[in-house]
Amino acid sequence: MSLKLYNTLTRTKQKFISLKPDNVRMYVCGPTVYDYAHIGNARPVIIFDVLYRLLRHLYGKEQVIYVRNITDVDDKINARAAREGVSITGLTKRTIKQFHEDIKALGVLEPTIEPRATEHIEGMIEMTKTLIEKGHAYEAQGHVLFDVASDKNYGGLSNRSLDEMMAGARVEVADYKKNPMDFVLWKPSSGNEPGWESPWSKGRPGWHLECSVMSKKYLGETFDIHGGGLDLIFPHHENEIAQSTCTHENEVMANYWLHNGYLQVEGEKMSKSLGNFITINELLKEWPGEVIRLTMLMTHYRKPIDWTVKALTSAQKTLDHWYELTSDVKTGCMLCTDVLGALEDDINTPKAITALHELRREAAKGEKGAAGCLKACAQFMGLLTHSLEEWKALSSPARAVDESVVQTLIDARIKARSDKDWAKADRLRDELVQMGIVLNDGKDPKTGDMVTSWEVAR
């Protein structure tokens, strides 16, 4: 066993050694349930699912505890419920159900435990009391705030000083704070906002506090792995560490901190204002879950990923071929050492996929056992989980041409050409070609504007 993981806390790749040899404990920040999860949310769900599978293989299924929480009390939830005119409970229940359906389609295993923040309010109040008693928090106008200056180790995960963090942070300015960087542990609720009775006010917990309490309850004061997106390093994970270590008087909260990189769409940051905000649910209407999963795994989890139609099309073709080659395989074989070795090297999924392609080449040549190993290794990574007939039925929407997607790409290409962004225009043209689209450029005889017609290649 030689699992190595890149630890954000030390900025090095380290050999993984669990606190207990017969028990591995991992916590990953889950969704805030106020809207459909987008493809950026899907990345940590898929990546840490692969790690979960790997840990279960190395240590045994019963020896791994994976906790992925649900944040069901948050200001974003309150705002969305008010805007839609629905109850907060109704909104969160609906969104959780949709989240579960979407990630199930991505081949994600259920975590060992999936706690919800609203089920742990008592523990949050108790942790807040402890932090006040130990001089790390203070009450002000019904709020309780963590006193950042009281924690000499604050900033250790970000590897930045307090001044550097303050310069780059969006901090809430409030007259009841001793220091602008102090963050909320508890805040008062009013009107229709959800609230619980506490010694300070009828209120609700701060977001950071929720994860500290839930991880402690199910994994202990110190555990093995804490994961999430790169955007959570500061302030969320930094604040979690401060709360937990100051409460329990420990040096660390978790020994290994893993963070996946950012995601962009067609070379641009995903945002609703740019019109490229894509939910998992929307993607699943056009592509099978395994295509989305493989596309995610084709880029190393720590690197930024550019989400493109070209990449999805490539993943689709790859899976089509794998399914055809393994359709007659009844049972798999032992895991290929190259695939397993790649995953043990900081979850190097691109290298593992390269090894799968090598098995594909051997299987295509009729190499005995290669198809079985391809199927076994792919299934270990959450792929090739259907029969060939099921796959063809599932993947048929992806084989059809979505006219709205084609037109969106054509419009973006026309704009890029108008802006003289030739590189982007060429990239968009290449993606359309990959989709089997033939473009015919011309000019409108009346306006002289560029127009593009298209047809499916025969």
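Not measured: the values here are computed from a predicted model.

(A) Inspection of the packing of helix α6 (residues 207-219) against helix α7 (residues 233-248) at higher detail. Interhelical geometry of α6 versus α7 gives an angle of 55° and a closest axis separation of 8 Å. As far as their axial angle goes, α7 and α6 are oblique. The crossing of α6 and α7 is right-handed. Along the contact surface, α6 presents W207, H208, L209, C211, S212 and K216, while α7 presents P235, H236, N239, E240, Q243, S244 and H248. In terms of residue class, the contact of α6 with α7 is built from four nonpolar, seven polar and two charged.

(B) Structural view of the sheet that holds strand β7 (residues 183-188). Overall, antiparallel pairing links the four strands, which are arranged β5-β6-β7-β8 in an open sheet. On the outer flanks of this sheet lie β5 (137-140) and β8 (203-205), each paired with one strand and no other. On average, each strand axis in the sheet is tilted by 20° relative to the strand beside it, whichever way the strands run. Pairing of strand β6 (residues 143-146) with β7, which is carried by three bridges, proceeds in the antiparallel orientation. Looking at the pairing, V144 lines up with W186 of β7. Against the sheet, helix α4 (residues 121-133) touches β5, β6, β7 and β8, its axis set at about 120° to β7.

(C) Focus on the state of the cysteines. Applying the stated criterion to the full structure yields one disulfide. Take C336: it sits in no disulfide, and the sulfur closest to it among the cysteines is that of C377, at 5.0 Å. Exposure remark for C336: the relative accessible area of 15% places this residue in the buried category. Judged by its relative accessible area of 0%, C377 falls in the buried class.

(D) A look at the nonpolar core. Residues L55 and W307 are the most contacted members of the largest nonpolar core, which totals 77 residues. The element best represented in this core is helix α1 (residues 39-59), accounting for 13 residues. Listed in part, the 37 residues of the second largest apolar core include V67, V73, A242 and C246.

(E) Local environment of the pattern of salt bridges. Taken as a whole and assessed by the stated rule, the structure comprises 23 salt bridges. We note a salt bridge from K97 to E101, for which the minimum N-O separation is 2.6 Å. Highlighted residues: K97 and E101, both in helix α3 (residues 88-105), separated by four residues, approximately one helical turn. Across the pair D426 and R429 runs a salt bridge whose closest N-O atoms are separated by 3.4 Å. Of the two residues, D426 and R429 both sit in helix α16 (residues 422-434), three residues apart, roughly one turn of that helix. You can call D426 partly exposed: its relative accessible area is 35%.

(F) Seen up close, the side chain of S244. Checked against the element boundaries, S244 lands in helix α7. Among residues more than four places away in sequence, those in contact with S244 are S212 and M253.

(G) Just the pairing of strand β4 (residues 64-68), in detail. Of all the five residues making up β4, four are buried; the element is thus mostly covered by neighbouring parts of the structure. At this point the chain moves from strand β3 (residues 24-28), through α1, to the parallel β4, and the crossover so formed is right-handed.

(H) Geometry of the environment of F146. Tracing the backbone shows F146 in strand β6. In this structure the C-alpha to C-alpha distance between F146 and N239, which are 93 residues apart in sequence, comes to 8.9 Å.

(I) Spotlight on the environment of P205. Considering the arrangement of structural elements, one finds P205 in strand β8. Between the alpha carbons of P205 and K310 there is a distance of 43 Å; along the sequence they are 105 residues apart. In this structure P205 touches V73, I121, M124, L185, W186, K187, W196 and E210, once residues within four positions along its chain are discounted.

(J) Representation of the sheet that holds β3. With parallel pairing, the four strands of this open sheet are ordered in space as β4-β3-β9-β10. Here the strands that pair on one side only, and so sit at the sheet edges, are β4 and β10 (254-260). Each strand axis lies, on average, 20° off the axis of its neighbour in the sheet, ignoring direction. Direction of pairing for β3 relative to β4: parallel, over a ladder of five bridges. Across the sheet, residue M26 finds its bridge partner in β4, namely Y66. α6 rests against β3, β4 and β9 (223-229) of the sheet, and its axis sits at about 160° to β3. Sheet contacts for α7: β9 and β10; angle to β9, the most-contacted strand, approximately 160°.

(K) A look at the packing of aromatic side chains. Using the criterion set out here, one finds seven aromatic pairs in the structure. Site record: aromatic cluster; members linked through ring pairs are F16, Y59 and Y256. The ring of Y52 carries R56 above its face, with NZ or CZ at 5.0 Å from the centroid. Between the NZ or CZ atom of K178 and the centre of the ring of Y138, over which it lies, the distance is 4.6 Å.

The rules behind these values
Residues numbered from 1 in each chain as written. Predicted model: local features only at pLDDT ≥ 70, side-chain atom pairs only at ≥ 80, totals over all residues. Heavy atoms only, no water. Axes fitted to C-alpha atoms, helices over the stretch in contact; angles between N-to-C directions. Helix = DSSP H or I, 4+ residues; strand = E, 2+ residues; numbered from the N terminus. Parallel < 35°, antiparallel > 145°, perpendicular 65-115°, else oblique. Left-handed = near helix turned anticlockwise from the far one by under 90°. Contact = heavy atoms within 4.5 Å. Nonpolar A, V, L, I, M, F, W, Y, C, P; charged D, E, K, R; others polar. Pairing = 2+ DSSP bridges. Disulfide = S-S within 2.5 Å. Buried < 20%, exposed > 50% of the residue type's maximum accessible area, 1.4 Å probe, protein only. Core = buried A, V, L, I, M, F, W, Y, C linked by side-chain atoms within 4.5 Å. Salt bridge = Lys/Arg side-chain N within 4 Å of Asp/Glu carboxyl O. Right-handed = clockwise from strand over helix to strand, strands pointing away. Phe/Tyr/Trp six-rings, centres within 6.5 Å; stacked < 30°, edge-to-face > 60°. Lys NZ or Arg CZ within 6 Å of the ring centre and 35° of its normal.

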